[in-house]
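Observations on the model geometry
For reference, the chains in residue letters:
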Amino acid sequence: KSGFVAIIGRPNVGKSTFMNRVIGQKIAIMSDKAQTTRNKIQGVYTDNDKQIVFIDTPGIHKPKHKLGDFMVKIAENTLNEVDAIMFMINADEGYGRGDQYIIDRLQSNKTPVFLVINKIDLVTPDELLPLIQQYKDKYPFQEILPISALEGNNVEHLMDVFTDFL
Ligand code: GDP
Ligand code: MG
């Protein structure tokens, strides 16, 4: 089984951290600074009969200049070509304009979108439930998966969900 998964989300939600964890080596560029991951970086996850190609898609968030517009177009094309989209958010932050911008870009999208709530190590279950409801109201997500990319919580389950889906 194999397939392609595009990772989208605002800067600093943990996309590169996730990529590095599942790939097991530093492929994505990790940084605290926004806009440092400029290229479409692919990482291949292989486990027995499963192979998933992850595509970091940094261009999908709100462009600040012309180069940004071009990157958004590339990113939107990528989203139509993959088997699944992973929309990563930060459990520690509520729904904001950055998320709204991305969801607006998904309106004509037909690829299934999985909501991945990252950094659950920073919140309590009580805080997580209202956050999940808030996002559920905005888009018909295929599934909602809370994880901690940094600590590894639930990452294996996420990989199982994706390999079953693909
Ligand atoms: P990206 O911009 O979406 O690629 O985000 P990065 O992977 O560069 O992560 C941004 C910051 O969030 C870094 O300081 C990471 O160490 C931190 N981070 C990523 N995942 C987690 C997590 O699960 N928990 C916590 N507490 N921090 C995280
Ligand atoms: Mg990054």
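What comes next concerns the included structure.

Basis of the calculations
- Residues numbered from 1 in each chain as written.
- Chains lettered and ligands numbered in written order.
- Predicted model: local features only at pLDDT ≥ 70, side-chain atom pairs only at ≥ 80, totals over all residues.
- Helix = DSSP H or I, 4+ residues; strand = E, 2+ residues; numbered from the N terminus.
- Buried ≥ 20, exposed ≤ 12 C-beta atoms within 10 Å, placed from the backbone.
- Pairing = 2+ DSSP bridges.
- Right-handed = clockwise from strand over helix to strand, strands pointing away.

A word on the environment of Met19
- One can find Met19 in helix 1 (residues 15-23).
- Considered as a pair, Met19 and Met159 are 140 residues apart in the sequence and their alpha carbons are 12 Å apart.

Observations regarding unusual backbone geometry
- For Asn12, which is not glycine, the phi torsion reads 75° and is therefore positive.
- For Asn12, a count of 16 C-beta atoms within 10 Å gives the class partly exposed.
- Despite not being glycine, Asn154 shows a phi value in the positive range, around 70°.
- Inspection of the secondary structure assignment puts Asn154 in the loop between strand 6 (143-146) and helix 5 (155-165).
- In this structure Asn154 comes out as partly exposed when scored by C-beta crowding, with 18 C-beta atoms within 10 Å.

Considerations on the pairing of strand 4 (residues 84-90)
- Strand 4 sits mainly inside the fold: six of its seven residues count as buried.
- As paired strands, strand 1 (residues 2-8) and strand 4 are joined by four bridges and run parallel to one another. Looking across to strand 4, one finds that Ile8 is bridged to Phe87.
- Of the pairings in the sheet, the one linking strand 4 to strand 5 (residues 113-118) comprises six bridges and is parallel in character. Note that in strand 5 the partner of Ile85 across the bridge is Val113.
- With helix 3 (residues 97-105) bridging strand 4 and its parallel neighbour strand 5, the resulting β-α-β unit is right-handed.

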